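Structural description and commentary
The lines below spell out each chain.
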Amino acid sequence: MAEKEKGKIIVVCGAKGGIGKTLTSVNLALALNKKNINVNILDADFQFGDVSLALDIQPAFTMRDIMGELSNIDQASMDTYLTEHSSGVHVLPSPERPEYAELITRDALLEVVEMLRNESDFLVVDTGGGIQERTVDLIEQADQILVVTTLEMTSLKSTKLMLETLEKLGLREKIRLVVNRYDMESLIAAEDVPEMLGYENIYYIPNNFQVASQSMNIGIPFVISRSRSNLSKAFFMIAESVLTNKPVSVDVKKKRTIRTRFKKR
């Protein structure tokens, strides 16, 4: 009997907080799930994770519980530690307190990730801001790395530094940029981001703050509650691109720009 193929790991990361990483993680996971894909989510922002809030779930177990029981957990029993969302997506939440993050070791984390990917077609990993030690451990295991940014000057500056760091680790071919709120009012235009950051194949998410904010506040991802919104359509296209490995074509509005400060060296 042929061995089951391992699920693919998508790590969602970003240089800063508040740029839409969790929004990207949960809506991408549910968009994939709507295509009859078996999806698990790992909330790897181990200090201040918001996946449970974004999905309005009340987990019985978190990553902290698994750290305490890992020697007794095998592939068959892992599923009992996951919380099932109404969509069918399964979630392993972050610890309930930030101080518990220090309990999570590299070896234990990678063992958990291996079991989670074996239980799904896709494992979507939501991470904290910046390049923390455990984040790097996860990024190195990824099949695809989604680096989220916005058009704000500080976000682009930090994203450029993050990309340079990941490239030094030999990960450039796995990286896809996600420009959140690409049509927001900004002196920097979305069409200039490829030149600034040195990446051509980019996912663009439109600016619909009301829909995005409401979905996070009520714990219902907009791909469910507002499936016909421009935000949802963007994530359905991204999910299709993830499955087919084909680029997404989006027309971005041209504006007055500032280019020279972030050109790729």
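Look up: the structure comes first, before these words.
This one's a predicted model, so the numbers in the text were calculated from it and none came from an experiment.

**With respect to the nonpolar core**
- One finds L42, M63, I66, V112 and V147 to be the most contacted residues of the largest nonpolar core, which totals 49 residues.
- For this core, the element with the highest residue contribution is helix α4 (residues 106-118), accounting for six residues.
- Look past the residues within four positions of L42 in its chain and what remains in contact with it is M63, L92, L109, V113, L116, L123, V124, V125, D126 and L138.
- Counting 36 residues, the second largest nonpolar core, distinct from the first, contains F122, L146, A239 and V242.

**Notes on the side chain of T127**
- As for its placement among the helices and strands, T127 is situated in strand β5 (residues 122-129).
- Residues within four places of T127 in sequence aside, it is in contact with V11, V12, C13, K21, A44, D45, T135 and L138.

**Overview of the sheet that holds strand β4 (residues 90-92)**
- If you trace the eight strands from one edge of the open sheet to the other, you get β3-β4-β2-β5-β1-β6-β7-β8, paired in mixed fashion. Where the open sheet ends on each side, the last strands, each with one partner, are β3 (83-84) and β8 (202-205).
- With three bridges joining them, strand β2 (residues 39-44) and β4 adopt parallel strand pairing. Note that in β4 the partner of N40 across the bridge is H90.
- Running at roughly 175° to β5, helix α1 (residues 21-33) makes contact with β1 (8-14), β2, β5, β6 (144-149), β7 (175-180) and β8 of the sheet.
- Set on the sheet, α4 makes contact with β1, β2, β4 and β5; between it and β2 the angle comes to about 160°.

**Regarding the pattern of salt bridges**
- Per the counting criterion, the structure on display carries 11 salt bridges.
- Between R64 and E96 there is a salt bridge whose closest N-O contact spans 3.4 Å. You can see R64 sitting in helix α3 (residues 63-69) and its partner E96 sitting in the loop between β4 and α4, a full 32 residues away along the chain.
- For E96, a relative accessible area of 49% corresponds to the partly exposed category.
- In the salt-bridge network here, residues are joined through shared partners; they are R106, D107, E133, R134 and D137.

Scoring rules and cut-offs
- Residues numbered from 1 in each chain as written.
- Predicted model: local features only at pLDDT ≥ 70, side-chain atom pairs only at ≥ 80, totals over all residues.
- Heavy atoms only, no water.
- Core = buried A, V, L, I, M, F, W, Y, C linked by side-chain atoms within 4.5 Å.
- Buried < 20%, exposed > 50% of the residue type's maximum accessible area, 1.4 Å probe, protein only.
- Helix = DSSP H or I, 4+ residues; strand = E, 2+ residues; numbered from the N terminus.
- Contact = heavy atoms within 4.5 Å.
- Pairing = 2+ DSSP bridges.
- Axes fitted to C-alpha atoms, helices over the stretch in contact; angles between N-to-C directions.
- Salt bridge = Lys/Arg side-chain N within 4 Å of Asp/Glu carboxyl O.

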